[in-house]
Amino acid sequence: MALPSSSLSFRVKRSEPEVIVPAKPTPQELKPVSDIDDSDGFRFQVPVIFFYNNTRPSTSSLQGKHDPIKVIREALAHALVYYYPLAGRLKEGFNRKLTVDCNGQGVLFVAAEADISLQHLGETIQPPCPFLDEFLCNVPGSDGIVGCPLILIQVTRLACGGFVLALRLNHTMCDASGLVQFLNAVGEIAKGAMAPSIQPVWQRHIFNARNPPQITRTHHEFDDSQLTHSNSFDRATLVQKSFFFGPKHMRALRKQLPQNHTCTQFELLTACLWRCRTLALRLNPKETVLVSCLVSTRGKNHYPTLHIPLGYYGNTVVYPAAVAKAELLTQKPLEYAVELVKKAKDQMKEEEYIRSIADMMVLRGRPMYKIEGNFIVSDTTKAGFGDVDFGWGLPVCAGPAMAFNPISFYVRYRDGIVVPICLPILAMEKFEQELNKMCTEGSYMLASRL
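All of the points below concern the structure found in this document. Remember, predicted model here, so these are calculated numbers, not experimental data. (Residues numbered from 1 in each chain as written. Predicted model: local features only at pLDDT ≥ 70, side-chain atom pairs only at ≥ 80, totals over all residues. Heavy atoms only, no water.)

### Here's the deal with the overall build of the protein
- For the protein, the count of helices and strands is 10 helices and 17 strands.
- In terms of overall size, the protein behaves like a compact globule, its C-alpha atoms giving a radius of gyration of 22 Å where 450 residues would be expected to give roughly 22 Å.
- Along the first, second and third principal axes, the C-alpha set of the protein runs to 60 × 55 × 40 Å.
- Residue pairs in contact within the protein that sit at least 24 positions apart in sequence constitute 82% of those at least 6 positions apart.
- Of the roughly 18500 Å² of accessible surface on the protein, a fraction of 51% belongs to carbon and sulfur atoms.
- Computed over 48 positive and 42 negative side-chain charges, the separation of the two mean positions in the protein equals 2 Å. (Helix = DSSP H or I, 4+ residues; strand = E, 2+ residues; numbered from the N terminus. Rg over C-alpha atoms; globule rule 2.2 N^0.38 Å. Contact = heavy atoms within 4.5 Å. Areas by Shrake-Rupley, 256 points an atom, 1.4 Å probe, with all protein chains shown as cover. Lys, Arg positive; Asp, Glu negative; His and termini not counted. Charge placed at Lys NZ, Arg CZ, Asp CG, Glu CD.)

Okay, structure coming up:
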């Protein structure tokens, strides 16, 4: 079911941005990030947003402290004592290597109030949130990668007593799980803890290149040799919509697979979106298209030497790609795309694939992932965004606030998954049509267009 574009109007009153520094003195040192962290693909600012209801604090230690701005501001300062690199600034050195100058200069914090309730925001809380600019201001001069604050946070009190926490993170510092770990630390301290239950671990050398570095695997997500694309997106025509996939939608998609075919929900949904997106772009049938699946190395205990310690909060994800000709992807049954996605993910079964990527970053100057012909998907439904509690209970909706060309995020919402998509306006109309063709048991919920 298509959701109407939002006609809401409300005012947000912001305080002047302030700098939150660690509550106690912290080490002054230089800390290099890993060779996975400082790839071009992570050198951007990613917005994340959380919506909270008006509930009483979940612990008695917060009695009398019902102001989320005050509570979160103070907890943030104490959490930065443990996560002090996040209060530093990045510097770029030889071969574009990034290093954190742990100088304690702090993160940016903005307090705000909005004359609207969470209830009246309605479905606009799902990504892409049309009011992101209201809930997350862009402080001038703060959105760079080098020499800028690594985190910007805005906490906005709502008229109903609920609040919105929106932040912008320099992705070179953390992946989704690492960010959640930090926010959980803030939440624990906000609820009265003296220290985080999980101590942060730096150890970025885990994902550094070998000596000497050697590329031993094929990395389609970075290889431009196969591309023949002549089309590029006009940024002025790009729009965003979100598509909701509930249980009935997933059942309809599974009916298109052979009866005994097994695959995960991620593999099925990714194959569906990849196929519909390719059809929507009306590409030359002979062109090569990719879907790159962000896959985390966390919890992979079978790697011989790559062991990620509890508390590690750096980037642990790489994005192996499935590759196909456009005509084969769009003409063959859905099972074809599913098997390609599974094959791409299977590359992560061996540690050598991750080692090869780290080595490639050093040998090739930390290249950007392929953009033309590529669709990148990141499943954040298990990252834990929905479990972040600052003392007001769990968020109603939480996760990445929007898509980027060509990146989409899978965000947990109600009993399903919402996926923001970024496409040219005409391609978006075709994309919606193709989705409806593939799902005969129900329709899709679309969020407002941006």
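### Considerations on the layout of surface pockets
- Roughly 930 Å³ of internal volume is contained in the largest pocket.
- Contributing to the lining of the largest pocket are 42 residues, with Leu294, Val295, Ser296, Asp379 and Thr380 lying nearest its centre.
- Elements with a minimum of two residues in the lining of the largest pocket: β4 (45–52), α4 (176–190), α6 (265–281), β11 (288–296), α8 (334–346), β14 (374–379) and β16 (407–413).
- Per-element tally for the lining of the largest pocket: the top contributor is β16, with 4 residues.
- Among the residues making up the lining of the largest pocket, the classes are represented as 23 nonpolar, 10 polar and 9 charged.
- When its volume is computed, the second largest pocket comes out at roughly 680 Å³.
- Listing elements by their share of the lining of the second largest pocket, those giving two or more residues are β4, α3 (132–135) and β10 (238–245). (1 Å grid on protein atoms, 1.4 Å probe; cavity = no way out; pocket = protein on both sides within 12 Å on 5 of 7 lines; lining within 4 Å. Points joined across faces, edges and corners; volume = space filled by probe spheres on them. Nonpolar A, V, L, I, M, F, W, Y, C, P; charged D, E, K, R; others polar.)

### Re unusual backbone geometry
- Residue proline 128 is bonded to the preceding proline 127 through a cis peptide linkage, with omega at 0 degrees.
- Mapped onto the fold, proline 128 is located in the loop between α2 (118–121) and α3.
- With an omega dihedral of 10 degrees, the bond running from asparagine 405 to proline 406 counts as a cis peptide bond.
- The topology assignment puts proline 406 in the loop between β15 (397–400) and β16.
- With a phi close to 60 degrees, arginine 366 is a non-glycine residue in the positive phi region.

### Side note on the pattern of salt bridges
- Under the defined criterion, the tally for this structure stands at 29 salt bridges.
- Where arginine 11 meets aspartate 115, a salt bridge forms, and the shortest distance between an N and an O atom there is 3.4 Å. In this pair, arginine 11 is assigned in the segment before β1 (12–14) and aspartate 115 in the loop between β7 (107–114) and α2, connecting sequence segments 104 residues apart.
- The exposure class of arginine 11 is exposed, given its relative accessible area of 65%. (Salt bridge = Lys/Arg side-chain N within 4 Å of Asp/Glu carboxyl O. Buried < 20%, exposed > 50% of the residue type's maximum accessible area, 1.4 Å probe, protein only.)

### Thoughts on the pairing of strand β9 (residues 163–170)
- Counting buried residues in β9 gives 8 out of 8 residues, a clear majority hidden from the surface.
- Burial of the side chains of β9 extends over both faces: Phe163, Leu165, Leu167 and Leu169 are buried on one face and Val164, Ala166, Arg168 and Asn170 on the other.
- The pairing of β4 with β9 spans 8 bridges and is classified as antiparallel. What sits directly across from proline 47, in β9, is arginine 168.
- The sheet contact formed by strand β8 (residues 151–157) and β9 spans 7 bridges and is antiparallel. Counterpart to leucine 152 in the pairing with β9 is arginine 168.
- The hairpin turn running from β8 into β9, its antiparallel successor, is 5 residues long, and glycine 161 in that turn takes a positive phi close to 100 degrees. (Pairing = 2+ DSSP bridges.)

### What to know about the sheet that holds strand β5 (residues 89–92)
- Taken in spatial order, the 3 strands make up an open sheet running β3-β6-β5, and their pairing is antiparallel. The two strands at the open ends of the sheet, each matched to only one other strand, are β3 (29–32) and β5. Going across the sheet, the axis of each strand differs from the next one's by a mean of 35 degrees, ignoring polarity.
- Pairing of β3 with strand β6 (residues 98–102), which is carried by 4 bridges, proceeds in the antiparallel orientation. Of the residues in β6, the one forming a bridge with leucine 30 is aspartate 101. (Axes fitted to C-alpha atoms, helices over the stretch in contact; angles between N-to-C directions.)

### Things to note about the pairing of β5
- For β5 and β6, the ladder comprises 4 bridges, and the chain directions are antiparallel. Bridge pairing in β6 links arginine 89 to aspartate 101.
- What sits between β5 and β6 in their antiparallel hairpin is a turn of 5 residues, with asparagine 95 showing a positive phi close to 60 degrees.

### Details of the nonpolar core
- With 147 residues, the main nonpolar core has Phe135 and Trp274 as its most contacted residues.
- With 10 residues, α6 is the largest single contributor of residues to this core. (Core = buried A, V, L, I, M, F, W, Y, C linked by side-chain atoms within 4.5 Å.)

### Section: the side chain of threonine 380
- If you trace the backbone, threonine 380 turns up in the loop between β14 and β15.
- By relative accessible area, threonine 380 is classed as buried at 7%.
- In this view, threonine 380 contacts Phe385, Pro400, Phe409, Tyr410 and Val411; residues no more than four positions away in its chain are not counted.

### Topic: the packing of aromatic side chains
- Overall, the coordinates contain 20 aromatic pairs when judged by the stated rule.
- Seen in terms of ring centroids, tyrosine 52 and phenylalanine 163 are 4.7 Å apart; in terms of plane orientation they differ by 10 degrees. Their pairing is stacked. Taken together, the residues tyrosine 52 in strand β4 and phenylalanine 163 in strand β9 connect sequence positions 111 residues apart. By the burial criterion, tyrosine 52 is buried, and phenylalanine 163 matches it.
- With 6.4 Å between their ring centres and 80 degrees between their planes, phenylalanine 244 and tyrosine 413 make a pair best called edge-to-face. One end of the pair, phenylalanine 244, is in strand β10; the other, tyrosine 413, is in strand β16, and 169 residues separate them in sequence.
- Under the relative-accessibility criterion, phenylalanine 244 is labelled buried at 6%. (Phe/Tyr/Trp six-rings, centres within 6.5 Å; stacked < 30°, edge-to-face > 60°.)

### Observations concerning the state of the cysteines
- All told, the structure shown has 0 disulfides when counted by the stated rule.
- Unpaired in this structure, cysteine 272 has its nearest cysteine sulfur neighbour in cysteine 276, at a distance of 4.3 Å.
- You can see cysteine 293 has no disulfide; the closest cysteine sulfur is in cysteine 263, sitting 12 Å from it. (Disulfide = S-S within 2.5 Å.)

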